[in-house]
Amino acid sequence: MSMHRVLAQAGIAMAHPKSSSHVRFAAVGDLHVHRDSAGSLHGFFAQAADEADALLLCGDLTDYGTAEEARILAAELSGVSVPIVAVLGNHDFESGTPGQVVEVLAQAGVRVLDGSICEIEGVGIAGVKGFGGGFGRGSLGAWGEPAIKLFVQEALNEAMKLESALAKLRTRRRIALLHYSPIVGTVQGEPVEIFPFLGSSRLEEPLLRYPMDAVFHGHAHRGTLQARTINDVPVYNVARPLLLRSRPGEPPYFLYELPREAAEEAAPPPAA
């Protein structure tokens, strides 16, 4: 039993103090904020901000992709003092107004990535939503009806956006932020029949061409917390329902840390 769980059962909240030697990220996806969520996440976000140097949100931020839900999420995030980086998920497109969701969150200080990048304390982050299509030999091919070709093209478009974003990173430490999974390992536990709708191996291909420290995604609520790419990069499924179910007694976000770049490495050489 983890120490976190022992203390939780005793009614004691266990905190992870921030570190001067490491940058720490709190990652979570699939918040599915709806009109009745007001007031339910403020403490959750505050605890994550106390323990981490940045908050990573892996899509399905809202339940139906409405501006109203985005405003509720923005209010819940209002007390967070650390940087917040996010990607959208499929639920954020349900109402056909993802731009409104992005606009509301941007006004609240959330950086929503879509084939774009940002840097937090020396760690580069590339983010895309991703798409489905299946994994490995089970990947859907662009053959037959136009609708099938459009489906496959959407997966290719997202993979190309990820590739472009990764190519822009200039930091030693690198994280990829997705909603859909790039590997089959972290969707294990879901019904095999829906694997093609949970992610795509096409998203893994760009991750193999650039040095990466970690990849985070959500979407697969009954998947597996951790697996690895072909070249051994850790991939974490941080869907909130999965974290709640698989780690009872612990906060439903995943803490991940990377060593800070040594000050002497970042500083310019002394003048002659």
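See the structure shown above.
None of these values were measured; they are calculated from a predicted model.

Points about the overall build of the chain
Okay, so step 1: Scanning the chain for helices and strands turns up 8 helices and 11 strands.
Okay, so step 2: For the chain, buried positions account for 49% of its 272 residues.
Okay, so step 3: At a minimum sequence separation of 6, the contacts of the chain that also span at least 24 residues come to 73%.
Okay, so step 4: Approximately 12,500 Å² of the chain is accessible, and the part contributed by carbon and sulfur atoms is 56%.

Examining the pairing of strand E7 (residues 173-177)
Okay, so step 1: For E7, the tally of buried residues reaches 4 of 5 residues, placing the bulk of the element in the interior.
Okay, so step 2: Across 5 bridges, the pairing between strand E6 (residues 123-127) and E7 is parallel. Residue pairing for E7: isoleucine 125 is matched across the bridge by isoleucine 175.
Okay, so step 3: Crossover handedness for the path E6 to helix H5 (residues 146-168) to E7: right-handed.
Okay, so step 4: Pairing analysis gives 3 bridges linking E7 to strand E8 (residues 214-217), with the strands arranged parallel. What sits directly across from isoleucine 175, in E8, is alanine 214.

Notes on the environment of glycine 141
Okay, so step 1: Mapping glycine 141 onto the fold places it in the loop between E6 and H5.
Okay, so step 2: Residue class for glycine 141 comes out partly exposed when judged on its relative accessible area of 36%.
Okay, so step 3: When near neighbours in sequence (up to four residues on either side) are disregarded, glycine 141 contacts Ile148, Val152 and Arg202.

Quick notes on the nonpolar core
A general feature of soluble globular proteins is that nonpolar side chains tend to end up buried together.
Okay, so step 1: With 51 residues, the main nonpolar core has Phe25, Phe45, Leu57, Leu77, Ile125 and Phe216 as its most contacted residues.
Okay, so step 2: In contact with phenylalanine 216, not counting residues within four places along its chain, are Ala27, Leu56, Cys58, Ile175, Ala176, Leu177, Leu178, Tyr236, Val238, Phe254 and Tyr256.
Okay, so step 3: Among the nonpolar cores identified, the runner-up in size contains 15 residues, and Val128, Ala165, Ala227 and Val233 belong to it.

As for the sheet that holds E6
Okay, so step 1: The 6 strands lie next to each other as E5-E6-E7-E8-E10-E9, forming an open sheet whose pairing is mixed. The open sheet has two edge strands, strand E5 (116-120) and strand E9 (226-228), and neither has a second partner. The sheet shows a mean angle of 25° between the axes of neighbouring strands, direction not considered.
Okay, so step 2: Alignment of E9 against strand E10 (residues 234-237), held across 3 bridges, turns out to be antiparallel. Within the sheet, the bridge partner assigned to arginine 228 lies in E10 and is proline 234.
Okay, so step 3: The sheet strands contacting H5 are E5, E6 and E7, and the helix crosses E5 at an angle near 40°.

Some details on the pattern of salt bridges
Okay, so step 1: Evaluation of the coordinates by the stated rule reveals 11 salt bridges.
Okay, so step 2: Where aspartate 114 meets lysine 161, a salt bridge forms, and the shortest distance between an N and an O atom there is 2.6 Å. Taken as a pair, aspartate 114 in the loop between strand E4 (110-112) and E5 and lysine 161 in helix H5 lie far apart in primary sequence, 47 residues in all.
Okay, so step 3: Residue aspartate 114 is classed as partly exposed on the basis of its relative accessible area of 47%.
Okay, so step 4: Note that arginine 209 is salt-bridged to glutamate 163, the shortest N-O span being 2.5 Å.

So, the pairing of strand E2 (residues 54-58)
Okay, so step 1: Among the 5 residues of E2, 5 are classified as buried, and the element is accordingly described as predominantly covered.
Okay, so step 2: Side-chain alternation along E2 places Ala54, Leu56 and Cys58 on one buried face and Leu55 and Leu57 on a second face that is also buried.
Okay, so step 3: Pairing geometry for strand E1 (residues 22-28) and E2, over 4 bridges, is parallel. Considered in E2, the bridge of valine 28 is made with leucine 57.

What counts, and where the lines are drawn
Residues numbered from 1 in each chain as written. Predicted model: local features only at pLDDT ≥ 70, side-chain atom pairs only at ≥ 80, totals over all residues. Heavy atoms only, no water. Helix = DSSP H or I, 4+ residues; strand = E, 2+ residues; numbered from the N terminus. Buried < 20%, exposed > 50% of the residue type's maximum accessible area, 1.4 Å probe, protein only. Contact = heavy atoms within 4.5 Å. Areas by Shrake-Rupley, 256 points an atom, 1.4 Å probe, with all protein chains shown as cover. Pairing = 2+ DSSP bridges. Right-handed = clockwise from strand over helix to strand, strands pointing away. Core = buried A, V, L, I, M, F, W, Y, C linked by side-chain atoms within 4.5 Å. Axes fitted to C-alpha atoms, helices over the stretch in contact; angles between N-to-C directions. Salt bridge = Lys/Arg side-chain N within 4 Å of Asp/Glu carboxyl O.

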